[in-house]
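Close look at the chain arrangement
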Amino acid sequence: MKISPLLASATILSILAIQPTIAQTGQPAETPRNPQVDYAGFLQLTEQLSEYRTGRLIDLDRFNIVAKQPNAVILDTRSAAAFAQGHIDGAINIPFSDFTEEKLAKILGDKSRPVLIYCNNNFRDNVPPIVLKRAPLALNIPTFINLYGYGYENIYELNGVTHIADPRANWTGEPSPFTLDAQSLRSPATLDATRAN
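Residues numbered from 1 in each chain as written. Predicted model: local features only at pLDDT ≥ 70, side-chain atom pairs only at ≥ 80, totals over all residues. Heavy atoms only, no water.

**Structural notes on the overall build of the chain**
Let me state the cut-off plainly: Working definition: helices are DSSP H or I runs of at least four residues, strands are E runs of at least two. Numbering for both runs from the N terminus. Note on classification: 1.4 Å probe, protein chains only; a residue is buried when its accessible area is under 20% of the maximum for its type, exposed when over 50%, partly exposed between these limits. Contacts between residues were defined by any pair of non-hydrogen atoms, one from each residue, lying within 4.5 Å. Here the Shrake-Rupley method, with its probe set to 1.4 Å, supplies the accessible areas, and only the displayed protein chains count as covering residues.
In terms of regular secondary structure, the chain is built from eight helices and seven strands. By residue count, 32% of the 197 residues in the chain fall in the buried class. Considering only contacts in the chain between residues 6 or more positions apart, those separated by 24 or more positions represent 65%. For the chain, the accessible area works out to roughly 12,400 Å², and carbon and sulfur atoms hold 58% of it.

**With respect to the pairing of strand E2 (residues 73–76)**
The line we're drawing: DSSP bridges decide pairing: two strands pair if at least two such bridges lie between them.
Alternating residues of E2 divide into Val73 and Leu75 and Ile74 and Asp76, and every residue in both groups is buried. For E2 and strand E5 (residues 115–118), the ladder comprises four bridges, and the chain directions are parallel. When the sheet's bridge partners are listed, valine 73 is paired in E5 with valine 115. For E2 and strand E4 (residues 92–93), the ladder comprises two bridges, and the chain directions are parallel. In the strand pairing of E4, leucine 75 is matched with isoleucine 92.

**As for the side chain of threonine 143**
Put simply, the rule is: Here a polar contact is recorded for every N or O atom pair within 3.5 Å, except that within protein the pair must consist of a potential hydrogen donor and a potential acceptor, and residues adjacent in sequence are included only if both atoms are side-chain atoms.
Position of threonine 143 relative to the elements: it lies in helix H6 (residues 140–149). In this structure the side chain of threonine 143 is engaged in a polar contact, spanning 2.9 Å, whose partner is the side chain of threonine 77. The contact partners of threonine 143, leaving out residues within four places of it in the chain, are Thr77, Phe96, Phe99 and Ile117.

**Looking at the nonpolar core**
Side chains of nonpolar character tend, in soluble globular proteins, to be buried together. Operational definition: The definition of a nonpolar core used throughout is a set of buried Ala, Val, Leu, Ile, Met, Phe, Trp, Tyr and Cys residues joined through side-chain atoms within 4.5 Å.
If you look at the biggest cluster of nonpolar residues, it comprises 18 residues, and the most contacted ones within it are Phe63, Ile74, Ile88, Leu116, Tyr118, Phe123 and Trp171. Within the residue set of this core, elements represented by two or more residues are helix H3 (60–67), E5 and strand E6 (155–158). Examining the composition of this core, we find that three residues originate from one element, H3, more than from any other. Residue contacts for tyrosine 118: discarding those within four places in its chain leaves Phe63, Ile74, Leu75, Asp76, Arg78, His87, Ile88, Ala91, Phe123, Asn140, Leu158 and Trp171. If you look at the next biggest cluster of nonpolar residues, it comprises 14 residues, including Leu49, Ile94, Val115 and Tyr152.

Have a look at this one:
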């Protein structure tokens, strides 16, 4: 098969054009980064927040006290469908996928107000509408990071695990598939047994 001199010249020129890029980096030229996606920035923000977040983890009793502060808001970022099936009484819903600067400003308003967050993984029931997520993927983590990234710095995150039947959880919606009285939820034997799960 004969190759035309024009095709051979074009092939040689294209190889020569690529070679300096490969020679300089040892790799083919990278595709341009999307300026609207900043993974390095996300990692940096996450690292900056580590200590701050640790200081903002509060137990259920303290969560309920802070929730009574003037202007405090309990924010549920699960899907609208999960929220409709059940949530902590008094919570408002902004699905995490709907977070934008404008929407948060419109619904939350004042960036200094106390914002309390929780997710499925604060409950051990593992039934709809609170099916457990893998621990590193719990919704509290990206919610906290995103709220802070949008300028909300008075965030409190529910720490620990409870049952939706615990009266302190103030759960509304579909009833738990089992019932536990308040005394058994607080007894050391029950707490030890549930912590092991």
